[in-house]
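Here are the chains, one letter per residue:
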Amino acid sequence: MSVAELKERHKVATETVNSLRERLKQKRVQLLDTDVAGYARAQGKAPVTFGPTDLVCCRTLQGHTGKVYSLDWTPEKNRIVSVSQDGRFIVWNALTSQKTHAIKLPCAWVMTCAFAPNGQSVACGGLDSVCSIFNLNSPVDRDGNLPVSKMLSGHKGYVSSCQYVPDEDSRLITGSGDQTCVLWDITTGLRTSVFGGEFQSGHTADVLSVSINGSNSRMFISGSCDSTARLWDTRVASRAVHTYHGHEGDVNAVKFFPDGNRFGTGSDDGTCRLFDIRTGHELQVYYQQHGVNEIPHVTSIAFSISGRLLIAGYSNGHCIVWDTLLAQVVLNLGLLQNSHEGRISCLGVSADGSALCTGSWDTNLKIWAFGGIRRMT
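Remember, predicted model here, so these are calculated numbers, not experimental data.

Caption draft 1: Geometry of the pattern of salt bridges. Counted according to the given criterion, the structure contains 10 salt bridges. We note a salt bridge from D233 to R235, for which the minimum N-O separation is 2.7 Å. Relative accessible area serves as the criterion here: at 8%, D233 is assigned to the buried category. For R235, a relative accessible area of 56% corresponds to the exposed category. Between R262 and D259 there is a salt bridge, with its nearest N and O atoms 2.0 Å apart.

Caption draft 2: Structural context of the confidence of the model for the chain. On average, residues of the chain score 90 in pLDDT, and 95% of them are at 70 or above. Every residue in residues 372–377 is under pLDDT 50, and counting partners more than four places away or in other chains gives 22 contacts.

Caption draft 3: How the structure looks around the packing of aromatic side chains. Evaluation of the coordinates by the stated rule reveals 12 aromatic pairs. With 5.1 Å between their ring centres and 75° between their planes, F257 and F303 make a pair best called edge-to-face. On the criterion of sequence distance, the pair formed by F257 in the loop between strand 18 (251–256) and strand 19 (262–267) and F303 in strand 22 (residues 298–303) is long-range, its members being 46 residues apart. When sorted by exposure, F257 lands in the same class as F303, which is buried. An aromatic cluster is defined as three or more aromatic residues linked by ring pairs; in this entry it consists of Y244, F256, F263 and F275.

Caption draft 4: Fine view of empty space enclosed by the protein. Evaluation of the coordinates by the stated rule reveals 2 cavities of 30 Å³ or more. Of the voids in this model, the largest cavity is the one considered here, and its volume is about 60 Å³. Lining of the largest cavity is provided by L105, P106, C107, W109, V110, C124, G125, G126, D128, V130 and S132. For the lining of the largest cavity, the element with the most residues is strand 7 (residues 121–126), which contributes 3 residues. Residues of the lining of the largest cavity, tallied by class, amount to 7 nonpolar, 3 polar and 1 charged. Looking at the second largest cavity, its volume works out to about 30 Å³. Around the second largest cavity, the lining residues are G317, C319, L333, G334, S339, H340, I344, T358 and W368.

Caption draft 5: Looking closely at the sheet that holds strand 3 (residues 79–84). Pairing is antiparallel across the open sheet formed by 4 strands, whose spatial order is 2-3-4-5. On the outer flanks of this sheet lie strand 2 (68–73) and strand 5 (99–104), each paired with one strand and no other. Averaged over all neighbouring strand pairs, the angle between strand axes comes to 15°, with direction disregarded. For strand 4 (residues 88–93) and strand 5, the ladder comprises 5 bridges, and the chain directions are antiparallel. Looking at the pairing, R88 lines up with K104 of strand 5.

Caption draft 6: View of the side chain of T180. In this fold, T180 is placed in strand 12 (residues 180–185). Look at T180 and you get buried, because its relative accessible area is 7%. Of note is the side chain of T180, whose polar atom sits 2.6 Å from the side chain of D178. Not counting residues up to four positions away in its chain, the partners in contact with T180 are H155, T174, G175, V194, F195, G196, G197 and V207.

Caption draft 7: Summary view of the sheet that holds strand 11 (residues 171–176). Here 4 strands make up an open sheet; going across it, the order is 10-11-12-13 and the pairing antiparallel. At either margin of the open sheet sits one strand with a lone partner, and together these are strand 10 (159–164) and strand 13 (190–196). Taking the axes of each pair of neighbouring strands and ignoring which way they run, one obtains an average angle of 20° across the sheet. Direction of pairing for strand 10 relative to strand 11: antiparallel, over a ladder of 5 bridges. Each residue of the ladder has a partner; that of S161, found in strand 11, is G175.

Cut-offs applied
- Residues numbered from 1 in each chain as written.
- Predicted model: local features only at pLDDT ≥ 70, side-chain atom pairs only at ≥ 80, totals over all residues.
- Heavy atoms only, no water.
- Salt bridge = Lys/Arg side-chain N within 4 Å of Asp/Glu carboxyl O.
- Buried < 20%, exposed > 50% of the residue type's maximum accessible area, 1.4 Å probe, protein only.
- pLDDT = per-residue confidence, 0-100.
- Contact = heavy atoms within 4.5 Å.
- Phe/Tyr/Trp six-rings, centres within 6.5 Å; stacked < 30°, edge-to-face > 60°.
- Helix = DSSP H or I, 4+ residues; strand = E, 2+ residues; numbered from the N terminus.
- 1 Å grid on protein atoms, 1.4 Å probe; cavity = no way out; pocket = protein on both sides within 12 Å on 5 of 7 lines; lining within 4 Å.
- Points joined across faces, edges and corners; volume = space filled by probe spheres on them.
- Nonpolar A, V, L, I, M, F, W, Y, C, P; charged D, E, K, R; others polar.
- Pairing = 2+ DSSP bridges.
- Axes fitted to C-alpha atoms, helices over the stretch in contact; angles between N-to-C directions.
- Polar contact = N/O pair within 3.5 Å; in protein donor to acceptor, adjacent residues only side chain to side chain.

Right, dumping it as structure tokens:
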């Protein structure tokens, strides 16, 4: 068979796949009689409202000299780790704004960080394709640097995201530009499982984000530049459990809903979406109208502890608090006087739901406290 014939067969096969995908999409739409917001309105649900003192910027964490790329809270709520283009990770006391660690990283182009469940170790990864583990209790050298306690090497592309398996300090999941996710045994430094890559059900472009199910740590979601999110079971690495379509741009952020039965996504197409892992259906789209050439990318998302609020960071510096149930904007932190002056690159909610931390390309982090309601609803 000639090269021309092979190209023609490939073209026909691609057209067939795209046609089947579109028919499947239309079938899903026909099966959905309403979305979450439509059902909630039919039930007479009242929207969430915030007063001027219900969400207040109480601290600005200054110390990075480059764009902030990632942050994470410790489970006990009062410490935050952040990484920046300045090539350092900083551990902050969220209550006092003081820095407990400011460590130079082996690779300046760091993209992600995560606290271990015990709060004693930090994982960082970036363009060096390695996930480095630091024990915060180790002594620093004469230059004030913390030695790397373990290097997780095996990815063939940049490490875009990492998260410790809940309640386990020795296991970690990473996502990478090599189109795969990896489950690591930190004790040995070896890969336990690889998700994607040569498998047909894997991502076909860079993996940008991962989120582990807090209710069932064997399950995790990955988001990718192939515009899909995929559900994985760590016991079955050979194939994704399900692939979720709907976005029309890179899926930059994924986050499990608190009950573990749903998850949210954020994309370059300017939308956040809510999916059900049991039915595979898209439940809701969260989108603000913009001009055709003015659609801001969604860079990061988080849910409140009950899931009633969805917080999304955008490339235009806005940080929108959505009513998850009614798909209405509750508040836009980017319009407040003390908001960030650049792209919102990362955000996270404290373990007890009492505070939100946002990181930005303006080199700062901000902590937003929930006043009148004490903790996020």
